[in-house]
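# Survey of secondary and tertiary structure
One-letter residues, chain by chain:
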2 protein chains.
Amino acid sequence: MKTILVLGAGKSSATLISYLIENAEKEDWKILVADRDLAMIVDKTNQSSFTESFALDMMNKELRRPLIERSDIVISMLPASLHMPVIKDCIKFKKNIITPSYMTPEIKELDKDAKNADILIMNELGLDPGIDHMSAMKIVDRIRDKGGELTYFESFTGGLVAPESDNNPWNYKFTWNPRNVVMAGQGGAAKFIQRGLFKYIPYNRLFRRSEVIEIKEYGKFEGIANRDSLKYRSIYGLDTIPTIYRGTLRRVGFGKAWNYLVQLGATEDGYIMEGSANMTHRDFTNSFLAYNPYDSVELKFRHYMKIDQDDEVWDKLVWLGLFEDTPIGINKDATPAQILQIIMEKKMQLEPHDKDMIVMYHKIGYKIKNKHSEIKSWLVFIGKDQKYTAMSDTVGLPLGIFTKMLLRGEINLKGVRMPIMKEVYLPVLGELEKHGIIFKEKVEEMSEEKAKLQ
Amino acid sequence: MKTILVLGAGKSSATLISYLIENAEKEDWKILVADRDLAMIVDKTNQSSFTESFALDMMNKELRRPLIERSDIVISMLPASLHMPVIKDCIKFKKNIITPSYMTPEIKELDKDAKNADILIMNELGLDPGIDHMSAMKIVDRIRDKGGELTYFESFTGGLVAPESDNNPWNYKFTWNPRNVVMAGQGGAAKFIQRGLFKYIPYNRLFRRSEVIEIKEYGKFEGIANRDSLKYRSIYGLDTIPTIYRGTLRRVGFGKAWNYLVQLGATEDGYIMEGSANMTHRDFTNSFLAYNPYDSVELKFRHYMKIDQDDEVWDKLVWLGLFEDTPIGINKDATPAQILQIIMEKKMQLEPHDKDMIVMYHKIGYKIKNKHSEIKSWLVFIGKDQKYTAMSDTVGLPLGIFTKMLLRGEINLKGVRMPIMKEVYLPVLGELEKHGIIFKEKVEEMSEEKAKLQ
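Residues numbered from 1 in each chain as written. Chains lettered and ligands numbered in written order. Predicted model: local features only at pLDDT ≥ 70, side-chain atom pairs only at ≥ 80, totals over all residues. Heavy atoms only, no water.

### Here we look at the overall build of chain A
Each helix and strand counted, chain A has 18 helices and 16 strands in total. Relative to a compact globule of 454 residues, whose C-alpha radius of gyration would be 22 Å, chain A shows 24 Å and is just as compact. Once the C-alpha set of chain A is aligned to its principal axes, its extents read approximately 75 × 60 × 40 Å. Looking at chain A as a whole, 59% of its 454 residues qualify as buried. Here the contacts in chain A between residues at least 6 apart in sequence split such that 71% fall between residues at least 24 apart. Positive and negative charge centroids in chain A, built from 64 and 63 side chains respectively, lie 4 Å apart. (Helix = DSSP H or I, 4+ residues; strand = E, 2+ residues; numbered from the N terminus. Rg over C-alpha atoms; globule rule 2.2 N^0.38 Å. Buried < 20%, exposed > 50% of the residue type's maximum accessible area, 1.4 Å probe, protein only. Contact = heavy atoms within 4.5 Å. Lys, Arg positive; Asp, Glu negative; His and termini not counted. Charge placed at Lys NZ, Arg CZ, Asp CG, Glu CD.)

Written out as structure tokens, the structure reads:
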């Protein structure tokens, strides 16, 4: 019998734990689930006899270590900032560990220690990062195996609301951490490279420099540049590729409306607004507009931002409640970003019957014997309900599938790794298809002229 | 005989040292001038027999302390970040010290130590901060003495090029530290209060929310909000004033053009641009624009920023050299802000015969027995030449005059202070007038309605 330890039983662990329970009998597994909150554990395990529950603080090493010692593999679903002590324990007790979080430089430095302990520390094995790497590398390797040379690489992912639940003017609801949405793009210019030229987009322009993408049957989306696309050159072995660009997907029109909030200053997180605890939504908006005792907040906003009478972006801003005389509802003064998040959460929550949707899109150009072609590859995946969301499935299934492969002895990797090798991505993507996580693809030849514009 | 120690013989010490030498015989002074660079000292002292020169590193306490021990007063013209060890020495050796730099919280904490040592640590005794405080407090106290209540307070200062030397489309040349010009407004939203409402302007809008000010005989200027106007409420004893706003002056049109550089991302200082060491000005500009192998950098810029064919802002941008195929001329990759500064320094340096100009402007509203009035008070002061600049005069003379008062025993202040009391500002402003630093003033009654709009 093999023992699996799952650390964290939050929203994102639902599908993972369910997958592990479904496979437990056949694979002869015992699943230990630890979380600070027992109710969360019970919600995910349904008290299955294949599981054991541990309500404890994972940062308490006296409580955590005995569980790690008992296990054959640890799956850490903890917030990224809490992984480190767990990973160090795994090295100490020689246990494999996998996570859906980014491989930080600090984790990367543990490669030698991991190899000495004969264990695998597999990072970035969720959706984004995770399925993005695996699906992209499958295409990249295929082109290389045919002797092709990559000329450009673009990749986008978005966590959105499913079309059947899409009933607001932003075509957006929070399906994940709202704070990340409000803070998106802050902290530095977006960097990428196009035809060998480094390109930089400052935050104040980021949401107006998006790329429109159309996906068959699902309509148009816009791709907004991620902060650093450049690091993926070395990760994917594309060090000399002249164009690389990664971004986040939203429905078309989101970026234009969001940009008004950026321009207003409503997304800033660097200072506390004096007196904001007693503000209404309308006061909050007015704080960023010039003083005038006669003009309405609405007119000042429209004039300041030069929004035409018939511009539909106005509906989005009004719908969001920016001009409502409703108290924000906070106990103490907060930053603009914190207040904006609260205002948005009043409107953009998923309703009980809403479903979420994951969209991923790769556009990869290549040249074989001077013939230019482009592959478009895309995934649209809709969640089952509010528990087994598309987000939970696409994060949890790669972890579950890989755990199975590892415990069966089908994987022989050691050290600090990412899922970019065939022996990992082929079987994982293969089993994901059985769960409906299926990429579609279209290949087109293109002219030299068109290729030059990418 | 009294001994004065001047620490720092840079550009801003020229008038100060000259003033001290002129008064040395009559006042029976010996002036010690210390700087790392002997040539700078000689340039300022002309080897006057009233002076002694010390070429040394002021951060070396073994060399610094004997000079402080010999002195009756220390004038620190060092960069603000280097004041602290000198001030601590002054407490140790019980010597008065004055500086033109901001009073930091760390300096403020030394108040008790200074009083125990029976010394004065006078801060903010230059132009801005300095003359701004003194001239504003003179008006504020006058209104209060008449039983008036202040209803609004606005204050602006600018270091500009004199009209006779103003021959570029920006109407601007560097008369002080260029780095400060490039970084102006970064690091947080501008905060002020208007009619009791807190107002916040984010960096991306700062240069478009300026206030136009007209000064008789000198034409129009624009006032751009400083980062934090709120702290002046307590400094000036105006804690309940409903409107307070402080800003920087430029010629009208500067802010609009500068805003394009902000929007472009060219003022950012948070990342190093890869490959920038080998870029031309044009490459630098192109890094912030979308890739297109057919369109010119100029057209891409105009389109991106929506600049009309006949908009004169375009002349400013072209004149600055943003589209020139000239190497930037740096040895290693730099940040956008560093590169922009280098590009600007090629065009915006003062020429040998250019003169600088200081402009200060206060607009203060008040109410006496329900009658609303407004005082406008302004100073325009033009420098003599490139050595005795308006900046050097307006920073150095307050320090020199106050030194004379202190050594004559006319001032009895102790502790950590700012020049906001009558006993300081009246005599200092009085003697400044003899040097041509004269405020003009206009008082107007105003209607209740007009007062409400301020």
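### Concerning the relation of the copies chain B and chain A
If you rotate chain B by 180° and push it 0.1 Å along the axis, it lands on chain A with an RMSD of 0.1 Å. Both copies of the chain, as the preceding transformation shows, are related through a two-fold rotation axis. Taking C-alpha positions as reference, the residue of chain B nearest the rotation axis is B:Asn204, located at 3.3 Å. A high fraction, 100%, of the interface residues of chain B reappear at the interface in chain A, so the copies pair face to face through one surface. (Least-squares fit on C-alpha atoms with pLDDT ≥ 70 in both.)

### Details of the interface of chain B and chain A
Opposite the 40 residues of chain B that make contact, chain A presents 41 residues. Both sides of the chain B and chain A interface together cover about 3,500 Å² of buried area, and 50% of this is carbon and sulfur. Connecting chain B to chain A are two salt bridges. Counting every contact that joins chain B to chain A gives 20 residue pairs in polar contact (both at pLDDT 80 or more). At four residues, the largest contribution of residues to the side of chain B that touches chain A is made by strand S9 (residues 197-201) of chain B. Broken down by class, the residue content of the side of chain B that touches chain A amounts to 21 nonpolar, eight polar and eleven charged. (Buried area = accessible area lost by both parts, 1.4 Å probe. Salt bridge = Lys/Arg side-chain N within 4 Å of Asp/Glu carboxyl O. Polar contact = N/O pair within 3.5 Å; in protein donor to acceptor, adjacent residues only side chain to side chain. Nonpolar A, V, L, I, M, F, W, Y, C, P; charged D, E, K, R; others polar.)

### Topic: the packing of helix H1 (residues 14-27) of chain A against helix H16 (residues 390-407) of chain A
Residues and elements named next belong to chain A. At a closest axis distance of 7 Å, the pairing of H1 and H16 adopts a crossing angle of 30°. Considering the angle they form, H1 stands roughly parallel to H16. Crossing handedness for the pair H1 and H16: right-handed. Judged by residue contacts, Ala 14, Thr 15, Leu 16, Tyr 19, Leu 20, Asn 23 and Glu 27 of H1 engage Ser 392, Asp 393, Gly 396, Leu 397, Leu 399, Gly 400, Ile 401, Thr 403 and Lys 404 from H16. Residue classes in the contact of H1 with H16 are distributed as seven nonpolar, six polar and three charged. (Axes fitted to C-alpha atoms, helices over the stretch in contact; angles between N-to-C directions. Parallel < 35°, antiparallel > 145°, perpendicular 65-115°, else oblique. Left-handed = near helix turned anticlockwise from the far one by under 90°.)

### Some words on the packing of aromatic side chains
Going through the model one piece at a time under the given rule, you end up with 33 aromatic pairs over all chains. Each ring, one from A:Phe284 and one from A:Phe288, has its centre 5.2 Å from the other, and the planes form 90°; the classification is edge-to-face. Of the two residues examined, A:Phe284 and A:Phe288, each falls in the buried class. Connected via pairs of aromatic rings, a cluster forms that spans A:Trp170, A:Tyr172, A:Phe174, A:Tyr203, A:Phe207, A:Phe254 and A:Trp258. Residue placement shows B:Lys231 over the ring face of B:Tyr102; its charged tip is 5.1 Å from the ring centre. Taking the ring centre of B:Phe254 as reference, the NZ or CZ of B:Arg250 above it sits at 5.3 Å. (Phe/Tyr/Trp six-rings, centres within 6.5 Å; stacked < 30°, edge-to-face > 60°. Lys NZ or Arg CZ within 6 Å of the ring centre and 35° of its normal.)

### Considerations on the sheet that holds strand S15 (residues 415-417) of chain A
Residue and element names in this part refer to chain A. On the basis of which strands lie adjacent, the open sheet formed by seven strands has the order S3-S2-S1-S4-S5-S6-S15 and parallel pairing. The sheet terminates laterally at strand S3 (51-55) and S15, the two strands that pair on one side only. Averaged over all pairs of adjacent strands, the angle between their axes in this sheet comes to 15°, without regard to strand direction. Bridge analysis of strand S2 (residues 29-35) against S3 gives five bridges, and the strand direction is parallel. Directly across from Leu 32, in S3, lies its bridge partner Glu 52. (Pairing = 2+ DSSP bridges.)

### Observations regarding unusual backbone geometry
In this structure, A:Pro129 follows A:Asp128 across a cis peptide bond, with omega equal to 20°. Checked against the element boundaries, A:Pro129 lands in the loop between strand S6 (120-122) and helix H7 (131-145). Even without being a glycine, B:Asp28 presents a positive backbone phi close to 60°. With respect to the element layout, B:Asp28 can be found in the loop between helix H1 (14-27) and strand S2 (29-35). For B:Asp28, a relative accessible area of 38% translates into the label partly exposed. In this structure, B:Asn171 takes a positive phi of about 50° despite not being glycine. Here B:Asn171 is to be found in the loop between strand S7 (149-161) and helix H8 (178-183). Relative accessible area serves as the criterion here: at 23%, B:Asn171 is assigned to the partly exposed category.

### Description of the pattern of salt bridges
Residue and element names in this part refer to chain A. The final tally for this structure, using the stated rule, is 52 salt bridges over all chains. Put simply, Glu 445 and Lys 371 hold a salt bridge, and the shortest N to O gap is 3.5 Å. Here Glu 445, found in strand S16 (residues 440-446), pairs with Lys 371, found in strand S14 (residues 371-382); they are 74 residues apart in sequence, far enough to count as distant. Among the charged side chains, a network of salt bridges with common partners joins Lys 26, Glu 27, Arg 408 and Glu 410.

### With respect to the sheet that holds strand S4 (residues 73-76) of chain B
Residue and element names in this part refer to chain B. Reading across the sheet, the seven strands line up as S3-S2-S1-S4-S5-S6-S15 and stay open at both edges, with parallel pairing between neighbours. Where the open sheet ends on each side, the last strands, each with one partner, are strand S3 (51-55) and strand S15 (415-417). Strand-to-strand twist in this sheet, taken as the mean axis angle between neighbours without regard to direction, amounts to 15°. Here strand S6 (residues 120-122) runs beside S15; their pairing, made up of three bridges, is parallel. Bridging across to S15, Ile 121 finds its partner in Val 416. Where helix H4 (residues 83-93) meets the sheet, it contacts strand S1 (2-7), S4, strand S5 (96-98) and S6, and its direction lies at approximately 155° from that of S5.

### Brief notes about H4(B)
Since the α-helix advances by 3.6 residues per turn, residues separated by three or four positions end up pointing in the same direction. For H4(B), the complete set of buried residues consists of B:His83, B:Val86, B:Ile87, B:Asp89, B:Cys90, B:Ile91 and B:Phe93. Just beyond H4(B), the residue with positive phi is B:Lys94, at close to 55°.

### What to know about the environment of B:Ile31
All names here are of chain B. For Ile 31, the position within the fold is in strand S2. Along the backbone, Ile 31 and Pro 327 are 296 residues apart, and their C-alpha atoms lie at a distance of 46 Å. If we ignore the near neighbours within four places in the chain, the residues touching Ile 31 are Ile 4, Val 6, Leu 20, Ile 21, Ala 24, Phe 50, Thr 51 and Glu 52.

### Here's the deal with the pairing of strand S11 (residues 219-225) of chain A
Residues and elements named next belong to chain A. Counting buried positions along S11 yields five of seven residues, so the element is predominantly enclosed. Of the strand pairs in this sheet, strand S10 (residues 211-215) and S11 are connected by five bridges, and their pairing is antiparallel. Counterpart to Ile 213 in the pairing with S11 is Phe 221. Turn length for the S10-S11 hairpin, with the two strands adjacent in sequence and antiparallel, is three residues, and the turn residue Glu 217 shows positive phi of about 75°. Sheet topology places S11 next to strand S12 (residues 244-251); five bridges connect them, and they run antiparallel. Bridging across to S12, Gly 223 finds its partner in Leu 249.

The quantities given are spatial measurements derived from coordinates; they are silent on function.
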